[in-house]
Every structure is written in structure tokens, then in C-alpha cells.
Amino acid sequence: MSAPLLDVSGLETQFPTRDGVVRAVNGVSFTVNRGEILGLVGESGSGKSVTGFSLIGLVDAPGRIAAGSVKLDGRDIVGLPNDELRAIRGKRISMVFQDPSMTLNPVLTVGDQMLLALRAHERISAGDGRRRCVAALEQVGIPDPGRRLDSYPHQFSGGMRQRVAIAIALLHKPDLVIADEPTTALDVSIQAQILTEMKALARDTGTAMIWISHDLATVSSMADRIAVMYAGRIVESGPTATVLRDPRHPYTRGLLDSLPAIAQAGEDLASIPGTTPSLLKLPPGCPFAPRCPRAQPVCANEPPLAVEGDRTFLCHFPLGVRA
Amino acid sequence: MLGFLIQRILQAALVVLAMSALVFAGVFAIGNPIDVLISPDATQDIRAATIAKYGFDRPLWEQYFTFLGRALHGDFGQSFVYNMPVGRLILSRLPATLELTLAAVLGATLLGVPLGMYAGYRPQSRFSKAVMALSILGFSVPTFWVGLVLIFAFAVNLGWLPAGGRGATAPLFGVEWSFLTADGLQHMILPAINLALFKFALMIRLARAGTREAMLTDTVKFARAAGLSERTVLLRHVLRLIAIPLVTVFGLEFGSTLAFAVVTETIFSWPGLGKLIIDSITSLDRPVMVAYLMLVALFFIVINLAVDLSYAALDPRMRKGRA
Ligand SMILES: Nc1ncnc2c1ncn2[C@@H]1O[C@H](COP(=O)(O)OP(=O)(O)O)[C@@H](O)[C@H]1O
Ligand SMILES: [Mg+2]
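Note that this is a predicted model, so its numbers are computed, not measured.

A. The domain arrangement of chain A, seen in detail. All names here are of chain A. Considered domain by domain, chain A is made up of domain 1 (1-81 + 176-263 + 270-280) and domain 2 (102-171). Around 780 Å² of area is buried between domain 1 and domain 2 when both sides are counted, 69% of it from carbon and sulfur atoms. At the boundary of domain 1 and domain 2, one finds one salt bridge. Close ionic contact of Arg163 with Glu197 constitutes a salt bridge, the shortest N to O distance being 2.8 Å. At the surface where domain 1 touches domain 2, the tally comes to three residue pairs in polar contact (both at pLDDT 80 or more). The biggest single contributor to the side of domain 1 that touches domain 2 is helix H8 (residues 188-205), with seven residues. Partitioned by chemical class, the residues of the side of domain 1 that touches domain 2 number seven nonpolar, three polar and one charged.

Written out as C-alpha cells, the structure reads:
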């Protein structure tokens, strides 16, 4: 197998605050191969977005990457000078955010915004730029793109706005798109459409994707592999089908049990008891232990990282494994 | 658009009309101008003749309608003090105030907005803190005091700049302007700085607050994630996002300075409208006061209209009737 496109190893991103250091990303490792879709799933606040921003060097001040490496085609991009990072952003790795009505600039035409994004990496005439933008809008299924270029974001529907954002992210044919909950703010019917289209787009263009969502159902319909995140760590990862069929980590099991499609009709959805721990005062050892039905005293020690073929998990008492 | 304009012009006419009635009644209440018009030892006959000549013996409403009828034909009466038509008197003073105000407001904006944006972009830098200290100074030091200090320092002590008057002027469009001659420009510098200081502080504050807020938006994050340079983000995205409050304050400050540059004009003996209105109040020059206050109302109406129109230009969401 060829070297992965992206190799993240031991990534730690922290925010110093008045109350202490928030360890938002706490030793995360994963790889993404060319053309692959990796799903990153976990409850809100588990550090998914911060992970995404860390990859392109856009952690909000005063946060910083405290440790670890992010290798893009073998080259570590953590701590690169800002102009070198800027040359990567949008060109090799681009990002799509949750709410398209917040990401697009309301007072610039869609065409102007796309042209700014184009010119961030290329010298291009207005005419050629326009043609590129029209093609990009067409690619994401926006009807009458030539005319729509002169429209403002508020003249688009939510789904169409997100398509514009996706078109901007794809302008430079990046190797990797980080999609941070790109359908969460949309209507359910439009969500499904965009999911299907983005999956097809990724396949057709050979773009790899990190698909971030708090919703296991969405992720599982998109991703080739999934990584389950909890309190700043990846607690389980592996091929989507395997992990869903046969989860190893009790937290993954809990997420699965709270999916409506899996619970029997008439039965209450089993939600995971308790709440996510504060990242300021993480318990020693496994952060999920206080909520875990299988927890034992030993869980106060660091859980070992188990590797089982193409899957990994971080648990003292994994499910479905004979001790 | 045309309907909007017509509606606004009708509104404006109504406001000016109401203003004229209020001012007319108000000025009538201030005092009887007959005592300034004739010397105290004039005979009863002269007194009666003068009263009849100006129509002071008529009821107030009749005087008002006579005034209104003439005003509609552009005749605002004779100044009691200057013995010339009020319209011509005001027009002869307007250019002096106009050029001083424009210099002050434009200078404050062109300097204050970039400084404020920088202070919002890098709030922690030493330079930004110095800028903010300067703006606090601009807010808290009274205009007359700054004017006196300026004169004392630059005119009296250093002898670099003249202390008062308009200096040499040159004609343009049949009106005399100071900014067209080197001497006139020198004369403008100190009063313009005096007038500009508060507006400069205001623009810094506004631009800083807007920029700080805008830098946290997803719009800026998304633009950065697309690889835009910080410069492009600031100039193309942030400046457009914060433009509306800046334009609003620009308009308000422009209008109020045009109307009430009294203190500065008095300190620097600048022969503008502010000095004219103060003089006319002390001498109970009734026609000047009435016409002047109506003109002020008109200023604000025109400026408000210009601000509204620029809103539509700056923010597409405010354009009505266009989908
Ligand atoms: N700018 C910041 N300052 C302090 N803490 C932050 C900041 N941004 C994120 N965090 C913290 O990092 C944690 C992870 O956030 P995030 O990655 O946004 O979660 P997710 O995307 O999984 O919902 C949260 O607990 C959040 O409070
Ligand atoms: Mg998030």
C-alpha cells in the first residue's frame, strides 16, 4: 500500500484559559489515504472541529498545537511559517464549515468571493476566472451558474449556499477536503442530497475527505473508514462497516444504541448516561470511564492502544474480544 | 428606486416645512429684534415705521406665511446686521465651512479606519494599545482646549502655521476656496485637526470594534481556510463587513460638523457658518437664524438620504424590490 496522503500523529491542541489549559485535542493519530473518506464522529465538544482547524494551521488564538505532527505527503506542516501554510490552505487542503449562511460574505457577490479564492493561489484574468467559477458552480449542481455568479448569498437557498461553499473548497482541486458538519444546518431532505452529491464528487475527482459530524448515521453513509472521538481522543477507528457491525469501544456501542434506526420501534432510544467530561479536568486514565457500563478500577490507568488488523481501539475492556 | 426617491423628497419637504414653523415660532420667542434694528434714542415715529416695514406688527401666523411665501421664491429676507439677502450671506459662508468640514471628516476617516482596523486585528500589539490611548485622548479632551493648545504650540511657539483666518483663496465654480492655495491650505491645517480629533477617535473605535467582531466570524475563517492572505481578508472581506456603521457615522459627523463647527470656527476666526450663526444669535438677526436652521435640517435630510442610498450599495440585503 502506498504512503498515506495525510498522516496525523500524536496531535495535541490546547487552549490556555483563565481556568487552566483546555486539552481540546489530546493525542490524536490517524491517516487518510488518497481519495478516501474518513468519518470523524463524536459528541459535540469532543474536539472534532479543533482537530480540523489544527490540520490547516488555523487554531484560534490563544490556542496552539502543543505536540504531534501532521504530515502531508510525508512533509510535516505543523509550525510552518504562515505564508507556507497559506499556500496549502485552499490549494491542497480546503475546508467547508457548518453553516453556509455564516461562512459566505453576505455583502460580496458569490462570483467576487470565488474570484478572491481563485486568486489566492493563481494569477488569473477576470474573464478566465469567471469561466472557472462558472464551471465550479456547475460541478456542484447549481443551475444557471453564469447568472448566479452575480447573485449574493442571501439570494440562494441554504442548500445552494452550501453548494457554493463546496464549489469554493473544490476550486483548486485539493487533495483533501475537511468537511466540518457541512449538512448539520440544512433541512433533512437537502442533507441527503448533498451527502450523495459530495460522495460522488469525491469519487469523481479523487479528492480525499475528512467528514466531521456528531451524527453517526450521516458519517456511516459517507465514510470508508470512521474514527470515533471522545474528549479529545480517537477512541476507536476502523472500516465503517466493521466498526458499525462489531464495535469494540463501549462509547461506540453507546452511540450506535442511540441511533433511531437501530433501536426497535416503540423502544426508548438508549442515550449514554452522564455528560461529556470537562476538558479542563479530565479524569486520569480513560476519559469515558465515569460513563462506561464496563468500567473497572483499572480504567483509571491509561488504556492501551489495541491494533487489530485495520482497526484500533483505546479500551481496557473492549467489546467482542475474548480476554 | 424612483418611487423611493420621490417619497424621500416629499418627506424632506415636510420636515423642512415643520422645521421652519418651529424655528420661526422659537426665534420669535427669543426676543424682539426691533431693539437691535434701531438705536435706543430713535423717535416713536421711526420705531413705528421700522416695525411696519418689517411687519412686526402683524400677527405671528401672518408673518410666518409671508416669510414662507417669499422663501418659496428663494427670498429669505434681509439680514438685519449685514444688510444683505440672507441667502447670499449664507452661501458666502458655506464654502469655508464645507471645505473645513470635509477636510476634517475625510482626514479622520482615512486615517482612523485603517488604524482602528489594525487595532482590532492585532489588539494585543503595543502599537494598537498606543492607538487606543490616542483615541481615548481624542474623546476626552474638550475641543476648545485642543484648539488653544494647537494655536499655542504651532502658531505662537513654533510659528509653523497661522493661527486664524482663511488665508488666500482661489475661485472654483464662482466660489472662493482656501484649499486651492498653499497659503489657504496652511490656514486650514490647525482648525481641521482641531475639528477632526474627536471624529478620528470615533472612527478608530468603530473600526476596531467592527474588526474584532468580524475577525471571529466564520466568514473570515472560511476565507482564511481558502488560502486568502491576511491583507485580502482585511481589505476585501472585513472592510466591507464593517462599512455600514462607518458610513453612518461619517454622514452624521459630516452633517453635525457642517452645522455646528462653532467652537473651532470661533477659536480660529474661520469665517464659516458656525461663526455666522453665533453672531446672528447674539445680535438677534432673526432671518439669518431661521434660514440657517432650515438649511441645517436640509443638510441632515440630504445626508441621511445619501447614507441610506449607500446602505443599499454596501449591503445587498437592504436593496428592496430586487430578488
Ligand atoms: N477558542 C477556544 N478557546 C477555548 N476553548 C476552545 C476554543 N475552541 C474550542 N475550544 C474547546 O475545545 C473543545 C472542542 O471543541 P470543538 O472542536 O469545537 O468540538 P466539536 O467540533 O467536536 O463539537 C471544546 O470543549 C471547546 O470548549
Ligand atoms: Mg464542531
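B. Broad picture of the interface of chain A and chain B. Taken together, the contacts link 30 residues of chain A with 23 residues of chain B. For the chain A and chain B pair, buried surface summed over both sides reaches about 2300 Å², with 65% attributable to carbon and sulfur atoms. For the chain A face of the interface with chain B, the top three residues by lost area are A:Phe97, A:Val107 and A:Leu116, together amounting to 24%. Here chain A and chain B share one salt bridge between them. For A:Asp60, the salt bridge identified is with B:Lys221, shortest N-O distance 3.2 Å. At the surface where chain A touches chain B, the tally comes to seven residue pairs in polar contact (both at pLDDT 80 or more). Of all the elements, strand E6 (residues 93-96) of chain A adds the most residues to the side of chain A that touches chain B, at four residues. For the side of chain A that touches chain B, the per-class residue count stands at 18 nonpolar, nine polar and three charged.

C. Region of the structure containing the sheet that holds strand E2 (residues 20-32) of chain A. All names here are of chain A. An order of E2-E1-E4-E5 is seen for the four strands of this open sheet, with the pairing classed as antiparallel. In the strand order of this sheet, the two ends are held by E2 and strand E5 (75-76), each with one partner. Bridge analysis of strand E1 (residues 6-17) against strand E4 (residues 64-72) gives seven bridges, and the strand direction is antiparallel. Within the sheet, the bridge partner assigned to Ser9 lies in E4 and is Ser69. Docked against the sheet, helix H1 (residues 48-55) engages E1, E2 and E4, running at close to 115° with respect to E1.

D. Examining the site of ligand 1 more closely. Residues and elements named next belong to chain A. Phe15, Ala24, Glu43, Ser44, Gly45, Ser46, Gly47, Lys48, Ser49, Val50, Asp60 and Leu279 make up every residue found near ligand 1. Within the backbone of Gly47, one N or O atom sits 3.1 Å away from an oxygen atom of ligand 1. Separating an oxygen atom of ligand 1 from a side-chain N or O atom of Ser49 is a distance of 2.7 Å. Class assignment for the residues of the shell around ligand 1 results in four nonpolar, five polar and three charged.

E. How the structure looks around the pairing of strand E9 (residues 225-230) of chain A. Residues and elements named next belong to chain A. Most of E9 is tucked away: six of the six residues are buried. Here E9 shows two buried faces, one formed by Arg225, Ala227 and Met229 and the other by Ile226, Val228 and Tyr230. Bridge count for strand E3 (residues 37-41) against E9 is four bridges, and the pairing is parallel. Of the residues in E9, the one forming a bridge with Leu38 is Arg225.

F. Broad picture of helix H9 (residues 218-225) of chain B. All names here are of chain B. Counting buried positions along H9 gives seven out of eight residues, so the element sits mostly inside the fold. What H9 keeps buried is the set Thr219, Val220, Lys221, Phe222, Ala223, Arg224 and Ala225. At the exit of H9 stands Gly227, carrying a positive phi of roughly 90°.

G. A look at a nonpolar patch on the surface. All names here are of chain B. Together, Phe144, Trp145, Leu148, Val149 and Val263 make up an exposed nonpolar region whose accessible area comes to about 470 Å². With four residues, helix H7 (residues 143-157) is the largest single contributor of residues to the nonpolar patch. If you trace the backbone, Leu148 turns up in helix H7. Its relative accessible area of 46% is what places Leu148 among the partly exposed residues.

H. Highlighting the UniProt feature "transmembrane region" (unreviewed entry) in chain B. UniProt's entry tags residues 12-31, 100-121, 133-156, 188-207, 241-270 and 290-314 of chain B with the feature "transmembrane region" (unreviewed entry), counted in the numbering of this structure. Structurally, residues 100-121 of chain B is divided into 100% helix and 0% strand, and its ends, taken at the C-alpha atoms, are 31 Å apart.

I. Broad picture of the nonpolar core. Counting 115 residues, the largest nonpolar core has A:Leu6, A:Phe30, A:Met114 and A:Ile210 as its most contacted members. Broken down by element, this core gets its largest block of residues, seven residues, from helix H7 (residues 158-170) of chain A. Two domains each put at least three residues into this core: domain 1 (1-81 + 176-263 + 270-280) and domain 2 (102-171) of chain A. The residues touching A:Phe30, leaving out its near neighbours within four places in the chain, are A:Leu6, A:Asp7, A:Val8, A:Leu38, A:Thr51, A:Leu55, A:Ile210 and A:Ile234. Counting 37 residues, the second-largest nonpolar core is a separate cluster that includes B:Tyr64, B:Val290, B:Ile301 and B:Tyr311.

J. Inspection of the pattern of salt bridges at higher detail. Under the defined criterion, the tally for this structure stands at 23 salt bridges over all chains. As a salt-bridge pair, B:Arg224 and B:Glu230 come within 2.7 Å of each other at their nearest N and O atoms. We classify B:Glu230 as partly exposed; its relative accessible area is 22%. Taken together, the shared-partner salt bridges in this structure form one network comprising A:Arg34, A:Asp73, A:Arg92 and A:Asp175.

Rules of the game
Counting from 1, residues in each chain are numbered in the order their sequence is written. Chains and ligands are labelled sequentially in the order written, the chains with letters from A and the ligands with numbers from 1. Totals for whole chains, interfaces and linings use every residue, but because this is a predicted model, local features are given only for residues with pLDDT of at least 70 and side-chain atom pairs only at 80 or more, for both listing and counting. Hydrogens are left out, water is left out, and the side-chain values use all remaining heavy atoms of the structure. Marked domain ranges trace back to an automatic or database domain assignment. For any pair of parts, buried area is found by adding up, for both, the accessible area (1.4 Å probe) each one loses once the two are put together. Salt bridges, as used here, are contacts in which a Lys or Arg side-chain nitrogen is within 4 Å of a carboxyl oxygen on Asp or Glu. Polar contact is the term for a pair of N or O atoms within 3.5 Å; when the atoms are in protein, one must be able to donate a hydrogen and the other to accept it, and sequence-neighboring residues count only if both atoms are side-chain atoms. Only DSSP runs of H or I with at least four residues qualify as helices, and only runs of E with at least two residues qualify as strands; both kinds are numbered from the N terminus onward. We call Asp, Glu, Lys and Arg charged. Ala, Val, Leu, Ile, Met, Phe, Trp, Tyr, Cys and Pro are nonpolar, and the rest, Gly among them, are polar. Two residues qualify as a contact provided that any one of their heavy atoms is within 4.5 Å of a heavy atom in the partner residue. Two strands form a pair only when DSSP identifies at least two bridges running between them. Interaxial angle, 0 to 180 degrees, is taken between N-to-C directions of lines fitted to C-alpha atoms, where a helix line uses only the stretch in contact. Summary of the distance rule: residues count as near a molecule or strand when at least one heavy atom falls within 4 Å of that molecule or strand. Residue exposure (1.4 Å probe, protein chains only): buried if accessible area is under 20% of the type maximum, exposed if over 50%, otherwise partly exposed. Like charges within 9 Å and nonpolar side chains (Val, Leu, Ile, Met, Phe, Trp, Tyr) within 5 Å are joined into patches, using only residues over 30% in relative accessible area that form no salt bridge. Each accessible area is a Shrake-Rupley result for a 1.4 Å probe, and residues are judged covered by the shown protein chains and nothing else. UniProt positions are given in the numbering used here, feature names are shortened, and annotations may be inferred rather than shown by experiment. Here, nonpolar core means buried Ala, Val, Leu, Ile, Met, Phe, Trp, Tyr and Cys residues that are tied together by side-chain atoms lying within 4.5 Å of each other.

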